[in-house]
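# Structure at a glance
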Amino acid sequence: PRLEEGERLRLRTYLQNGGLLVASACCSSEGFDAGLCALIRAVLPNDRLEEVPENDPLWRMPNALRDKHPAVTKAYREQHGEAWPPLLGVRREGRWILIYSPVDLCCDLEGHLSDEIPAYRKESAVPILTNLFFSAFAP
């Protein structure tokens, strides 16, 4: 993602005033990953991505994700086995303002998933996204 300076400033303002940015590396692209990390450094220079802890409500509410193995592609399983990969984020005052999945969440939802792409299948992507949005709107 390439943003002009004014766009980066508006994104920073949005995030600092209660907004949430959810991102997923399209096709688990390393180029997307590098670009998003660079964007985060530019938009939030005083923050760093951190791993969402296993005990965070993001993993548990409303779906207890860690109670079962993720539904993933063959390529994912070859790279990561049966484990859930980390979700990364930036937290402010106890609230996630940015959540990033370096593993593709969207290709299967769009109907364009190949077993050669390390990605979540929709059976796991939908509950993850449900939890992300639930946490964003929970008091």
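For the structure itself, consult the block above.
Below: a short report on this structure. The residue count restarts for each chain, going from 1 along the sequence in the order it is written. This being a predicted model, a pLDDT of at least 70 is required before a residue's local features are given, and a value of 80 or more before pairs of side-chain atoms are given or counted; all residues contribute to the totals for chains, interfaces and linings. Side-chain measures were taken over the full set of non-hydrogen atoms in the model, leaving aside hydrogen atoms and water.

So, on to helix 2 (residues 30–43). When the terminal C-alpha atoms of helix 2 are compared, their 20 Å separation across 14 residues agrees well with the 20 Å that a helix rising 1.5 Å per residue should span. Burial in helix 2 covers these residues: Leu36, Leu39, Ile40 and Val43. Along the axis of helix 2, the buried residues cluster in a sector spanning 100°; they form a single face. Of the exposed residues in helix 2, the ones pointing more than 90 degrees away from its buried face are Glu30 and Gly31. Whether two residues are in contact is decided by their heavy atoms, any of which lying within 4.5 Å being enough. Counting from the N terminus, the helices are DSSP H or I runs at least four residues long and the strands are E runs at least two residues long. Looking at the buried residues of helix 2, the elements they touch are helix 1 (5–16), strand 1 (21–24), strand 3 (88–92) and strand 4 (95–101). Expected helix span is taken as 1.5 Å per residue step, with the number of steps being one fewer than the number of residues. Residue exposure (1.4 Å probe, protein chains only): buried if accessible area is under 20% of the type maximum, exposed if over 50%, otherwise partly exposed. Of all possible arcs, the one meant is that of the directions from the helix axis to the C-beta atoms.

Let's shift gears to empty space enclosed by the protein. Cavity: a set of points on a 1 Å grid over the protein atoms alone where a 1.4 Å probe fits but cannot get out. Pocket: an open set with protein on both sides within 12 Å along at least five of seven lines, its lining residues, like those of a cavity, having an atom within 4 Å of a point. Grid points are joined across faces, edges and corners, and a volume is the space filled by probe spheres set on the points. Scanning the entire structure with this criterion turns up one cavity of 30 Å³ or more. Taken as a whole, the largest cavity encloses approximately 40 Å³ of empty space. Taken together, Leu11, Leu15, Leu21, Leu36, Leu39, Ile40, Val43, Leu44 and Leu98 form the lining of the largest cavity. Put simply, the parts of the chain that give the lining of the largest cavity at least two residues each are helix 1 and helix 2. Note on residue categories: nonpolar means Ala, Val, Leu, Ile, Met, Phe, Trp, Tyr, Cys or Pro, charged means Asp, Glu, Lys or Arg, and polar means any other residue, Gly included. The residue inventory of the lining of the largest cavity, partitioned by class, reads nine nonpolar, no polar and no charged.

Tracing the chain through its elements places Val126 in helix 5 (residues 122–137). C-alpha of Val126 to C-alpha of Cys106: the two residues are 20 residues apart in sequence and 9.1 Å apart in space.

A few words on the sheet that holds strand 3. Each strand in a sheet pairs with its neighbour through backbone hydrogen bonds, running either in the same direction (parallel) or in the opposite one (antiparallel). Paired strands, as defined in this entry, are two strands with at least two bridges between them according to DSSP. Strand order in the open sheet formed by four strands is 1-4-3-2, with mixed pairing between adjacent strands. Each edge of the sheet is formed by a strand with only one pairing partner; in this case those strands are strand 1 and strand 2 (50–51).

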